[in-house]
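One letter stands for each residue in the lines below.
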Amino acid sequence: MSWFGLDSTWSFADSYLLWLVLFVPLTIFMRLLWRPPAKNFAQFAFVPNLPRSHRQHSRGLPLLLQCLAFVLLVSAMARPQQQQRLPIEEEGIDLLLCIDLSSSMSATDLDDTSAALEITRLDFARNAAAQFIENRPSDRIGLVSFARDAQLICPPTLDHRSLLALLQDLELVPEGREDDATGIGTALARAAVHLRDIPSSSKVVVLLTDGEETVATDPSSSAIKPLEAAALCREWKVRVHAIAAGPNAEQTRSTLQGVATTTGGGAFAAEDAAALDQVYTAIDQLERTRFQRLPWRQVDRFMPFLLAGLFLWLAAAWMNRRFWKVQS
C-alpha cells in the first residue's frame, strides 16, 4: 500500500483485540432469534401479498450500520499502524567505485584457472564490484575509472542496471600508451569533488588498484598526491576504503593504509579472486554497521477508524429513532 508516494505496510499494535469482531455475527443471530413479536392492529387478516415499502425493505439497515460501526471501533482499539518506508533520498549512502584501468590490470594471476581462461584482474574486480552493487539496492552508487587521469563514468545513482552495464563496458588502457599509469591521488580527488556537494550523511569511495601511485611521484608532475587527496576527502567527510589486488597486494596495501586511515576507512589486500570477493563483502558489512538509520517509521492510523465508527453508530441510532421506532 502506498500513501503520498511512500511505500508502506499495515499492522495492528494490539491485534488480539480483533477477536472482538466475532461478536458481530453473534449479535446478528441474537437479534434475529429474540425479535419481539409483532403488535396486533386488527382482528381480521390483511390483504395478502401487498407490496413492501422502502421502509420495510431497509429495516435491516440500522443493524448493518451498527455492525460496521462495531468492527471499525474494534479496529481503532487494536491500534492500526502504517509502517511507512522513508524516501530513498534519506535512506542510503552515496558511494563511488574507483577502478584502476592501467594495463597491469590485464594480468591473469588471481586464480589457478584464470590464465587458461584469460580472466584478467579487471574481470575479477568487475564481478566482485557487480555483486557489491547488487547487495546494496538502496544506495546511490557511481563509477570512476582511472589510469593516469580519472574519469567519472557514472554519478551516484539508483539506476543500478545502467551502472552495471557501464561497469561491464570498462576497457583497459593499452600497455605503453602515454596515459598508461596509476594516478591514485587524481582518482581520489576526482571522486571527492563529485561527492563534496551531495547532501548525504554518508559518502564513501571504494578504490581498487593493483599498483602504487606512479603519476604524482614524477618530480615534473603537478598531479595531486594520494595523501593530499585523502586530506581533501577528510575535509569533505568522504570515507575511503582502499583495495590492493594482485600477488603484491600486501605491499600495495601498506602504501594505501595512510589514505584509508586519514579518511576513517580501511585498507585491504586481495591476493586472489576469493580474497577479492571477501574484501568487498567486508566493506559491505562495514558500511551497513556504520549506517544504521531506520528506513521505516510507524504512524498510528486509529483516528479514521474511530471517527468512521462513531459516525456510523450515530447514523444508525438516528435512523432507528427517525424511521423505525414504533410509537406506543
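Because the structure is predicted, anything quoted here is derived from the model rather than measured.

Reading the values: rules and limits
Residues numbered from 1 in each chain as written. Predicted model: local features only at pLDDT ≥ 70, side-chain atom pairs only at ≥ 80, totals over all residues. Heavy atoms only, no water. Core = buried A, V, L, I, M, F, W, Y, C linked by side-chain atoms within 4.5 Å. Buried < 20%, exposed > 50% of the residue type's maximum accessible area, 1.4 Å probe, protein only. Helix = DSSP H or I, 4+ residues; strand = E, 2+ residues; numbered from the N terminus. Contact = heavy atoms within 4.5 Å. Axes fitted to C-alpha atoms, helices over the stretch in contact; angles between N-to-C directions. Parallel < 35°, antiparallel > 145°, perpendicular 65-115°, else oblique. Nonpolar A, V, L, I, M, F, W, Y, C, P; charged D, E, K, R; others polar. Pairing = 2+ DSSP bridges.

(A) Quick peek at the nonpolar core. If you look at the biggest cluster of nonpolar residues, it comprises 34 residues, and the most contacted ones within it are Leu-97, Leu-167, Leu-276 and Tyr-280. Of all the secondary structure elements, the ones that give two or more residues to this core are β4 (94–100), α5 (121–134), β5 (140–146), α6 (160–168), β7 (203–209), β9 (267–270) and α10 (273–290). Here this core takes eight residues from α5, the largest share from any one element. Not counting the four nearest positions on each side in its chain, Leu-97 is found in contact with Ala-129, Phe-132, Ile-133, Ile-141, Gly-142, Leu-143, Val-144 and Val-206.

(B) How the structure looks around the packing of α5 against α6. Close contact between α5 and α6 brings their axes to 10 Å; oriented N to C, the two are set at 175 degrees. By the angle between their axes, α5 is roughly antiparallel relative to α6. The segment α5 lies against α6, with Arg-126, Ala-129, Ala-130, Ile-133 and Glu-134 engaging His-160, Leu-163, Leu-164, Leu-167 and Gln-168. A per-class count over the contact of α5 with α6 returns six nonpolar, two polar and two charged.

(C) Highlighting the pairing of β5. With seven of seven residues buried, β5 lies mostly within the body of the structure. Residues Arg-140, Gly-142, Val-144 and Phe-146 of β5 are buried on one face, and the alternating residues Ile-141, Leu-143 and Ser-145, pointing to the opposite face, are buried as well. Of the strand pairs in this sheet, β4 and β5 are connected by seven bridges, and their pairing is parallel. Each bridged residue has a counterpart across the sheet, and for Cys-98 the counterpart in β5 is Val-144. Here β5 runs beside strand β6 (residues 150–157); their pairing, made up of five bridges, is antiparallel. Bridge pairing in β6 links Ile-141 to Thr-157. Connecting the antiparallel pair β5 and β6 is a turn made up of three residues.

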